[in-house]
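Spelled out from the first residue to the last, the chains are:
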Amino acid sequence: MFLFTGTMTISMAQTTKEVHGAVIDKNGNPLSGAKVEATGGAESTITDADGTFTLEVSRWLKSVTATYPGMATKKMSLKNGNEILFNMRENNRHWFINAVYQRDWGYSNNAIGVMGGLLNNWGWYIKVLSDTEHHCRTSKYRDKRRADIPSISIGTTKRIAQSIHLYFGLGYTQCYDDNYYYGIYIEDGLIADLGLFYNYKHFNINLGVSHRRQFDNFFDSGISEDGNGLHLGIGYSF
């Protein structure tokens, strides 16, 4: 029995190993309570108050992964030994969804919709506005009508500060045009967005402007053929 027990102990020692290390932030401060686990395995542990950890894993394990709230998940290879230092960075990638309200200046026109996408160093968004009155041209004979198809724009986001992103994009809008000679008719148009996002934890807000112009008058001069609006969005990011 003693021989068998000793043999089993030696066998187990040969199939496992201990990984030691620490988890710190970008300023070198220890991160207590970070989770360190075998990548793809069941073994895991939590860092101590000084950010250090010891994890017993299979001797064939190739990498270890660390996670911490608000930080990007990081995986480290074990090919250079069993001592690992995790230098964690803030998670700059956020999905978001916002409710959007738009107000055209110069008219009493309103729009409501939704805006969603991904905020990262480079990201993207989609904005859909419905229940709106789009007027790409002005006329003293205008009769306010509602567009049949929502405005849809797609664009790019770019991080310009830690919590601030610039966004810009293009899309399609449908306008009712009223003409003294031809009456009221539907026109296809282009919508262009430009604005800023502010993201803090799970709170997201955006403020921007939109410019709309009918395709058939796209190259005409005169601001009277433009439509402009200010939009505000508030929502959740995760």
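Structure's up top.
What comes next is a walk through the structure. Because the structure is a prediction, the values reported are computed rather than measured.

1. A closer look at the pairing of strand 10 (residues 122–130)
Thought 1: Burial along strand 10 is one-sided: the face carrying G123, Y125, K127 and L129 is buried and the face carrying W122, W124, I126, V128 and S130 is not.
Thought 2: Relative to strand 10, strand 9 (residues 110–119) runs antiparallel, the two being bridged by seven bridges. Residue pairing across strands places G116 opposite I126, the latter belonging to strand 10.
Thought 3: From the end of strand 9 to the start of strand 10, which pair antiparallel, there are two residues.
Thought 4: Here strand 10 runs beside strand 11 (residues 151–159); their pairing, made up of eight bridges, is antiparallel. Bridge pairing in strand 11 links Y125 to G155.

2. Let's talk about the packing of aromatic side chains
Thought 1: Across all of its chains, the model carries six aromatic pairs by this definition.
Thought 2: Ring plane angle 75° and centroid distance 5.3 Å describe the contact between Y125 and Y167, whose orientation is recorded as edge-to-face. A residue pair is termed long-range when its members are at least 10 positions apart, and Y125 in strand 10 and Y167 in strand 12 (residues 164–179) qualify at 42 residues.
Thought 3: Here the aromatic cluster, defined as three or more aromatic residues joined through ring pairs, consists of F96, Y125, Y167 and F197.

3. Considering the pairing of strand 2 (residues 35–38)
Thought 1: Of the two faces of strand 2, only one is covered, namely that formed by V36 and A38; the face formed by K35 and E37 stays uncovered.
Thought 2: The antiparallel pairing of strand 2 with strand 3 (residues 44–46) creates a hairpin that spans five residues between the two strands, and G40 there sits at a positive phi of about 80°.
Thought 3: Of the pairings in the sheet, the one linking strand 2 to strand 5 (residues 63–67) comprises four bridges and is antiparallel in character. Opposite A38, over in strand 5, you have V64 as the bridge partner.

4. Things to note about the sheet that holds strand 6 (residues 74–77)
Thought 1: One open sheet accounts for four strands, arranged 3-2-5-6; its pairing is antiparallel. Where the open sheet ends on each side, the last strands, each with one partner, are strand 3 and strand 6. Put simply, the sheet's adjacent strands are angled 20° from each other on average, direction ignored.
Thought 2: The sheet contact formed by strand 5 and strand 6 spans four bridges and is antiparallel.

Rules used throughout
Residues numbered from 1 in each chain as written. Predicted model: local features only at pLDDT ≥ 70, side-chain atom pairs only at ≥ 80, totals over all residues. Heavy atoms only, no water. Buried < 20%, exposed > 50% of the residue type's maximum accessible area, 1.4 Å probe, protein only. Helix = DSSP H or I, 4+ residues; strand = E, 2+ residues; numbered from the N terminus. Pairing = 2+ DSSP bridges. Phe/Tyr/Trp six-rings, centres within 6.5 Å; stacked < 30°, edge-to-face > 60°. Axes fitted to C-alpha atoms, helices over the stretch in contact; angles between N-to-C directions.

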